[in-house]
Amino acid sequence: MHVLILGGTTEARALAGLLHGSGDVRVTSSLAGRVASPRLPAGEVRIGGFGGVDGLVDWIRAHAVDAVIDATHPFAERISFNAALAATTAHVPLLALRRPGWVPGDGDDWRSVASLDEAARALDGLGDRVFLTTGRMGLAAFADRPEWFLVRSVDAPDAPMPARTEILLDRGPFTLDDERQLIRHHRIDVLVTKDSGGAATAPKLTAAREAGLPVVVVRRPPVPEGVPTAATPEEAAAWVATR
Ligand code: NAP
């Protein structure tokens, strides 16, 4: 059985490890190629876009893929949409592996927004020093903002970006102590994040709560209609086992 994992997440890597380790599944992980030196999963790896839905359908057929698992980031909307169309066209089963989103707790001051543009507008009146953790690709949405931004990303962002920006190149997981110190050191007034979910980047939310900071949280796009989901790599591996 040949399983194609659309990856780029911690969970995708864990799933590749589980399936590869089981010994009876051929697993290929696909990465978009956005990160300069990605952490590579176990099993076979291919890197780069497929060339839209048609390219993905061709790849599935040419490599005799029996099942596809979309384990991309919850905000990687286009590839998830492409995967849904391609799986239907190529008549292969598709599962979406999505780690659960974050839920506000007691003492959290979260402002839920639908997009990065809305997140930028939500900054009005929340302070001058913004900790922006939404990734380097969406910085243009904040380019016209007057605030000072601390932008944390894995690779250096390209312009356009806000005029007053400091870049912090780093990759999770992050500890609570580090996040506390970072918020203190940079005198952060407000945190902006996507609802990525998962433990690796959650400590910033705890640190923001402790510091009494508002958090602007960008909601997730929906999983394409009709696509079943699993919340953990183990659940996804169990789905493969039933095939
Ligand atoms: P996207 O907007 O949904 O996809 C844009 C295009 O990138 C797709 O049409 C596809 O090109 C290619 N692509 C995306 N994921 C791919 C994969 N796993 N394998 C092969 N091609 C892929 O994606 P994105 O938001 O730019 O994210 C790119 C990658 O980074 C994803 O794999 C995702 O898991 C990871 N990531 C994203 C975020 C985020 O916040 N968006 C955060 C962390 C990690 P073709 O149409 O040519 O096939």
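Residues numbered from 1 in each chain as written. Predicted model: local features only at pLDDT ≥ 70, side-chain atom pairs only at ≥ 80, totals over all residues. Heavy atoms only, no water.

The helix and strand inventory of the protein stands at seven helices and twelve strands. Taken over C-alpha atoms, the radius of gyration comes to 19 Å for the protein, in line with the 18 Å a tight globule of 243 residues would show. Along the first, second and third principal axes, the C-alpha set of the protein runs to 55 × 30 × 30 Å. With 243 residues in all, the protein has 47% of them scored as buried. Taking all contacts inside the protein whose residues are at least 6 apart in sequence as the whole, residues at least 24 apart take part in 66%. Summing over all exposed atoms, the protein offers an accessible surface of approximately 11,700 Å²; the carbon and sulfur share of this is 52%. (Helix = DSSP H or I, 4+ residues; strand = E, 2+ residues; numbered from the N terminus. Rg over C-alpha atoms; globule rule 2.2 N^0.38 Å. Buried < 20%, exposed > 50% of the residue type's maximum accessible area, 1.4 Å probe, protein only. Contact = heavy atoms within 4.5 Å. Areas by Shrake-Rupley, 256 points an atom, 1.4 Å probe, with all protein chains shown as cover.)

So, on to the pattern of salt bridges. Tallied over the entire structure, the rule returns twelve salt bridges. Ionic pairing is found between Glu11 and Arg99, a salt bridge with its closest N-O pair at 2.7 Å. Of this pair, Glu11 sits in helix α1 (residues 10-22) while Arg99 sits in the loop between β5 (94-97) and β6 (109-113), placing them 88 residues apart in sequence. Of the residues examined, Glu11 reaches a relative accessible area of 14% and is grouped as buried. Under the relative-accessibility criterion, Arg99 is labelled buried at 14%. We note a salt bridge from Arg220 to Asp195, for which the minimum N-O separation is 3.9 Å. Taken together, the positions of Arg220 in the loop between β11 (214-218) and β12 (229-230) and Asp195 in the loop between β10 (190-194) and α6 (203-210) put the pair 25 residues apart, joining distant regions of the chain. (Salt bridge = Lys/Arg side-chain N within 4 Å of Asp/Glu carboxyl O.)

Looking now at the site of the ligand. Inspection of the region around the ligand gives 21 residues, with Gly7, Ser30, Phe50, Gly51 and Lys194 positioned closest. Measuring from an oxygen atom of the ligand, one finds a backbone N or O atom of His73 at 2.8 Å. Contact distances for the ligand include 2.9 Å between an oxygen atom and a backbone N or O atom of Ile79. Relative to its unbound accessible area of 810 Å², the ligand is 76% covered by the protein chains. Of all the secondary structure elements, the ones that give two or more residues to the shell around the ligand are β2 (26-31) and α3 (77-90). Looking at side-chain class alone, the shell around the ligand contains six nonpolar, ten polar and five charged residues. (Near = heavy atom within 4 Å. Polar contact = N/O pair within 3.5 Å; in protein donor to acceptor, adjacent residues only side chain to side chain. Nonpolar A, V, L, I, M, F, W, Y, C, P; charged D, E, K, R; others polar.)

A separate point is the environment of Ala67. With respect to the helices and strands, the residue Ala67 is situated in strand β4 (residues 67-70). Its relative accessible area of 0% is what places Ala67 among the buried residues. Sequence separation between Ala67 and Val240 is 173 residues; the distance between their C-alpha atoms is 7.8 Å. Leave out the neighbours within four places in its chain, and Ala67 touches Met1, His2, Val3, Leu4, Pro93 and Trp239.

Of the positions making up helix α7 (residues 233-241), those classed as buried are Pro233, Ala236, Ala237, Trp239 and Val240. When α7 is viewed along its axis, its buried side chains cluster within an angular range of 155 degrees and face the same direction. Set apart from the buried face of α7 by more than 90 degrees, the exposed residues are Glu234 and Ala241. Lining the buried residues of α7 we find β1 (2-6), α1, β4, β5 and β12. (Arc of directions from axis to C-beta.)

Taken domain by domain, the protein consists of domain 1 (2-100 + 221-242) and domain 2 (109-218). On a C-alpha basis, the centroid separation for the pair domain 1 and domain 2 is 28 Å. Counting residues at the interface gives eleven residues for domain 1 and twelve residues for domain 2. Buried surface at the junction of domain 1 and domain 2, both sides included, amounts to about 870 Å², of which 48% is carbon and sulfur. Looking at the side of domain 1 facing domain 2, the largest losses of area belong to Arg34, Arg39 and Phe75, adding up to 52% of the total buried there. The tally of links between domain 1 and domain 2 comes to zero salt bridges. (Domains from an automatic or database assignment. Buried area = accessible area lost by both parts, 1.4 Å probe.)

Time to look at the pairing of strand β7 (residues 129-132). In summary, the side chains of a regular strand alternate between the two faces of the sheet. Burial along β7 is two-sided: the face carrying Arg129 and Phe131 and the face carrying Val130 and Leu132 are both buried. Where β7 meets strand β8 (residues 148-153), four bridges bridge the pair, whose relative direction is parallel. The partner of Arg129 across the bridge, within β8, is Trp148. With three bridges joining them, β7 and β10 adopt parallel strand pairing. Opposite Val130, over in β10, you have Val190 as the bridge partner. (Pairing = 2+ DSSP bridges.)

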